[in-house]
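Structure assessment
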Amino acid sequence: MEKLQQLYEGKAKKVFATDDPELLIVEYKDDATAFNGLKKGTIHGKGVINNQMSNRLMAKLESAGVPTHYVKELNQRETLVKKVRIVPLEVIIRNIAAGSFSKRYGVEEGVVFEQPTIEFSYKNDDLGDPLINTYHALALKLATPAEIETIKKYAFQVNDFLRAFWKSCGVTLVDFKLEFGRLSDGTIVLADEISPDTCRLWDSKTGEKLDKDRFRRDMGGVEEAYAEIMNRLETHL
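Heads up: these notes are all about the structure in this document. (Residues numbered from 1 in each chain as written. Predicted model: local features only at pLDDT ≥ 70, side-chain atom pairs only at ≥ 80, totals over all residues. Heavy atoms only, no water.)

At a minimum axis distance of 9 Å, the contact between helix α4 (residues 145–168) and helix α6 (residues 222–236) shows a crossing angle of 95°. As summarised for this structure, α4 and α6 are arranged roughly perpendicular, according to the angle between their axes. Contacts between α4 and α6 involve Phe165, Trp166 and Ser168 from the former and Ile229, Leu233 and His236 from the latter. Here the contact of α4 with α6 is composed, by residue class, of 4 nonpolar, 2 polar and no charged. (Axes fitted to C-alpha atoms, helices over the stretch in contact; angles between N-to-C directions. Helix = DSSP H or I, 4+ residues; strand = E, 2+ residues; numbered from the N terminus. Parallel < 35°, antiparallel > 145°, perpendicular 65-115°, else oblique. Contact = heavy atoms within 4.5 Å. Nonpolar A, V, L, I, M, F, W, Y, C, P; charged D, E, K, R; others polar.)

Following this line, the structure appears as structure tokens:
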């Protein structure tokens, strides 16, 4: 598959056209950002880990009945994916209070919820990705009622799968962000990535953070945490 012109460059990835109009190549970068781009840096090796972790987990999710954009891994940093139009909703599933949820609602980090919660943010950097509800999403015509229900269903399926998988790795899945896209025929599929950039992952015994919070909070040991979580994934696949 030939890589043609670059179509897009975001905070963590570049996207390229191919000789097939329905397929794209995604290249993962080591660039790291936090707080809507206010904090910037580099996490060496992050692109390789995020690419490979996303691919392995998406392949597993496909087998578990969640359709994804994943086609095949091309090399350590590049993956062939189905072309989608991203639904401009960031979907956040939370199992435990942390991050913005704790700040927003005054809940101590680490409080375990009786059942998972779901949040939507309007994917718009200029507006700071504001939190919205289903009615807002419909008013803004970001998705149809049927698409929103499909997205919710898949998001909770992903949570069930990932919680069980990470538990087998000695890791607690605290929360995570998903993005979905539409194929050319309108089918909703899971897109973007599943990685330590988009998930909060804590060691089940020690509570040690093994994700991007180490970068956000200047905790140090960022590269080591990413390598550790990748090692656990590969050990338990």
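Back to the text.
Scanning the entire structure with this criterion turns up 0 disulfides. Left unpaired, Cys199 is separated from the closest cysteine sulfur, that of Cys169, by 12 Å. According to the relative accessible area criterion, Cys199 is buried, its value standing at 4%. (Disulfide = S-S within 2.5 Å. Buried < 20%, exposed > 50% of the residue type's maximum accessible area, 1.4 Å probe, protein only.)

The next point concerns the packing of helix α1 (residues 46–63) against α4. It is the contact of α1 with α4, at a shortest axis distance of 11 Å, that shows an interaxial angle of 115°. With respect to the hand of their crossing, α1 and α4 are arranged in right-handed fashion. Across from Met53, Leu57, Lys60 and Leu61 in α1, the residues of α4 making contact are Val158, Phe161, Leu162, Phe165 and Trp166. Split into classes, the residues belonging to the contact of α1 with α4 amount to 8 nonpolar, no polar and 1 charged. (Left-handed = near helix turned anticlockwise from the far one by under 90°.)

To continue, consider the side chain of Glu90. Summarising the element assignment, Glu90 is placed in strand β9 (residues 89–96). The charged side chain of Glu90 is buried without a salt bridge, its nearest counter-charge being Lys123 at 4.2 Å. Among residues more than four places away in sequence, those in contact with Glu90 are Glu119, Phe120, Ser121, Lys123, Asp129, Lys177, Leu178 and Glu179. (Lys, Arg positive; Asp, Glu negative; His and termini not counted. Salt bridge = Lys/Arg side-chain N within 4 Å of Asp/Glu carboxyl O.)

Turning our attention to the pattern of salt bridges. Within this structure, the stated rule accounts for 28 salt bridges. For the salt bridge of Lys29 with Asp31, the shortest nitrogen-to-oxygen distance reads 3.4 Å. A relative accessible area of 10% places Lys29 in the buried class. We classify Asp31 as partly exposed; its relative accessible area is 33%.

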